[in-house]
Amino acid sequence: MRGEIVHLDATWRAVLERHAYPLALRTLLGELMAAAALLSSTIKFTGSLIMQIQGSGPVKLLVVECTSEQTMRATAKWDEPLAGADFRALVGNGRFVMTIAPEEAKQTYQGVVSLEGADVARALEHYMTTSEQLETRLWLAADAEHAAGMMLQRMPGSSGGDCDTWSRAVHLTQTVTANELLKLPTREIIHRLYHQEDIRLFESRVMSFRCSCSRERVVNMLRLLGRDEVMSVLEERGEVEVNCEFCNRHYRFDAVDAEQIFAAEVVTRARKTRH
Ligand SMILES: [Zn+2]
């Protein structure tokens, strides 16, 4: 079997600095971030892994993106007020969606299952079971400073004898508390849980917060929206403002900017026609 452990500190705080999330939502989003970091480590390609919880309750959407460069970003949509912290009450009967988007390939892979279980970890375990992936167990926790998690995966080709090993590993890991996950150094957690086991430790990797939005991408989006649409917003509000939901950056365009966006488009088109 293989195991992963993740501690997100600055990466998680970078998400929290950009939006004020209610407490209950913060826990869910932090746990989903830890889960995405854990899962992304098992995917061998250049591109990104996107996990979404699409809710039908007051929480409408939780989304976390993790790239093969170990950068992450996350955001959420919800309706106030959020009463209580019960997972099912917050998300209702939603869907768990996993998207794998390799950079090279044009096609993305997307798996969708109904939301099951009493928390983010159980919902993801249900996804893994339903989509016939490796048997996976998760332990997740998040507070205002840290998001952390552990994952165990049973490797293919396990024989009957390994069944005991798997059960023992799950049993040992069950004893980890949220507080230990959040506060203790990785090596100490591993020692506490598995000091009698034969384990092999691999090099750790560093995760960081990064949003892939840019003025150039927003310009492309405005071009897709079309000149008429953009000009009508300009007329109404005096400027066009686009807000990135992930990093909360504001992109502003005035009439002169807008003229340039569409003038550049005409030049590009003319060039293409000439070729
Ligand atoms: Zn952004």
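What counts as what
- Residues numbered from 1 in each chain as written.
- Predicted model: local features only at pLDDT ≥ 70, side-chain atom pairs only at ≥ 80, totals over all residues.
- Heavy atoms only, no water.
- Axes fitted to C-alpha atoms, helices over the stretch in contact; angles between N-to-C directions.
- Helix = DSSP H or I, 4+ residues; strand = E, 2+ residues; numbered from the N terminus.
- Contact = heavy atoms within 4.5 Å.
- Nonpolar A, V, L, I, M, F, W, Y, C, P; charged D, E, K, R; others polar.
- Donors = N, O, S within 2.8 Å, 3.2 Å for Na, K, Ca; no water.
- Tetrahedral: all angles 85-135°; square planar, octahedral: opposite > 155°, others 65-115°.
- Buried < 20%, exposed > 50% of the residue type's maximum accessible area, 1.4 Å probe, protein only.
- Arc of directions from axis to C-beta.
- Pairing = 2+ DSSP bridges.
- Phe/Tyr/Trp six-rings, centres within 6.5 Å; stacked < 30°, edge-to-face > 60°.
- Parallel < 35°, antiparallel > 145°, perpendicular 65-115°, else oblique.
- Left-handed = near helix turned anticlockwise from the far one by under 90°.
- Salt bridge = Lys/Arg side-chain N within 4 Å of Asp/Glu carboxyl O.
- Polar contact = N/O pair within 3.5 Å; in protein donor to acceptor, adjacent residues only side chain to side chain.

S.K.: I'd like to hear about the packing of helix α2 (residues 23-40) against helix α4 (residues 120-130), residue by residue, with values.
M.R.: Two elements in contact, α2 and α4, have axes separated by 9 Å at closest approach and are oriented at 40°. When α2 is examined against α4, the residues L28, E31, L32, A35 and L39 are found in contact with a partner set consisting of V120, L124 and M128. By residue class, the composition of the contact of α2 with α4 is seven nonpolar, no polar and one charged.

S.K.: Describe the coordination of the zinc ion, and please don't skip the residues or the numbers.
M.R.: The textbook angles at a metal center are 109.5 degrees for a tetrahedron of four donors and 90 or 180 degrees for an octahedron of six. Only C211 (SG), C213 (SG), C244 (SG) and C247 (SG) from the protein coordinate the zinc ion, and they sit 2.2 to 2.3 Å from it. In this structure, the zinc ion is coordinated by four donor atoms arranged in tetrahedral fashion, with angles at the metal of 101 to 116°. Written as a sequence motif, the donor residues of the zinc ion are C-x1-C-x30-C-x2-C. Placement of the pair is C211 in the loop between β9 (208-209) and α8 (215-225) and C244 in the loop between β10 (240-243) and β11 (250-253), with a sequence separation of 33 residues. Relative accessible area serves as the criterion here: at 10%, C244 is assigned to the buried category.

S.K.: How would you sum up α8? Please name residues and give values.
M.R.: Where α8 is concerned, the buried positions are V218, V219 and L222. Seen end-on, α8 carries its buried residues on one side only, within an arc spanning 105°. For α8, the exposed residues lying more than 90 degrees away from the buried face are E216, R217 and L224. Backbone geometry just after α8 places G226 at a positive phi near 100°.

S.K.: Go over the pairing of strand β2 (residues 47-54), please, and point to the residues and values.
M.R.: Counting buried positions over the eight residues of β2 gives seven, a clear majority of the element. As judged from the eight bridges shared by β2 and strand β5 (residues 95-102), these two strands associate in the antiparallel manner. Bridge assignment links S48 to a residue of β5, and that residue is A101. Two elements, β2 and strand β3 (residues 59-67), share seven bridges in a ladder whose sense is antiparallel. Residue L49 lies in a different strand from β3, and its bridge partner there is C66.

S.K.: So what's going on with the packing of aromatic side chains? Residues and values would help.
M.R.: On inspection of all chains with the given rule, the structure shows two aromatic pairs. Each ring, one from Y21 and one from W78, has its centre 5.6 Å from the other, and the planes form 50°; the classification is tilted. With Y21 in the loop between α1 (10-18) and α2 and W78 in strand β4 (residues 71-78), this pair connects stretches of sequence that are 57 residues apart.

S.K.: Could you give me a rundown of the packing of α1 against α2, with the residues and numbers involved?
M.R.: Axis separation between α1 and α2 bottoms out at 11 Å; the angle between their running directions is 140°. As the angle between them shows, α1 and α2 are arranged oblique. By crossing handedness, the relation of α1 to α2 is classed as right-handed. Counting all contacts with α1, which are made through T11, W12, V15 and L16, the residues of α2 involved are R26, L29, G30 and M33. Its residues assigned to classes, the contact of α1 with α2 comprises five nonpolar, two polar and one charged.

S.K.: Break down the sheet that holds β2 for me, citing the residues and quoting the values.
M.R.: With mixed pairing, six strands are arranged side by side in an open sheet as β6-β5-β2-β3-β4-β9. What marks the edges here is a single partner per strand, and that holds for β6 (109-114) and β9. In the packing of α4 onto the sheet, contacts are made with β2, β5 and β6, and the angle to β6 comes to roughly 115°.

S.K.: Before we move on, could you go through the pattern of salt bridges and cite the residues and values that matter?
M.R.: Taken as a whole and judged by the stated rule, the model has 16 salt bridges. The partner of D119 in a salt bridge is R122, with the nearest N and O atoms 3.4 Å apart. A residue is classified by how much of its surface remains accessible, and R122, at 28% relative accessible area, is partly exposed. A salt bridge links R237 to E236, with the nearest nitrogen and oxygen atoms 3.9 Å apart. With respect to burial, R237 and E236 carry one shared label: exposed. Linked by salt bridges that have partners in common, D119, R122, E125 and R137 make up one network.

S.K.: Describe the side chain of T11, with residues and values.
M.R.: On the secondary structure map, T11 appears in helix α1. By relative accessible area, T11 is classed as buried at 4%. A distance of 3.3 Å separates the side chain of T11 from the backbone oxygen of M207, its partner in a polar contact. Setting aside residues no more than four positions away along its own chain, T11 makes contact with M33, M72, M207, S208 and F209.

Geometric descriptors of this kind do not, in isolation, establish any biological role.
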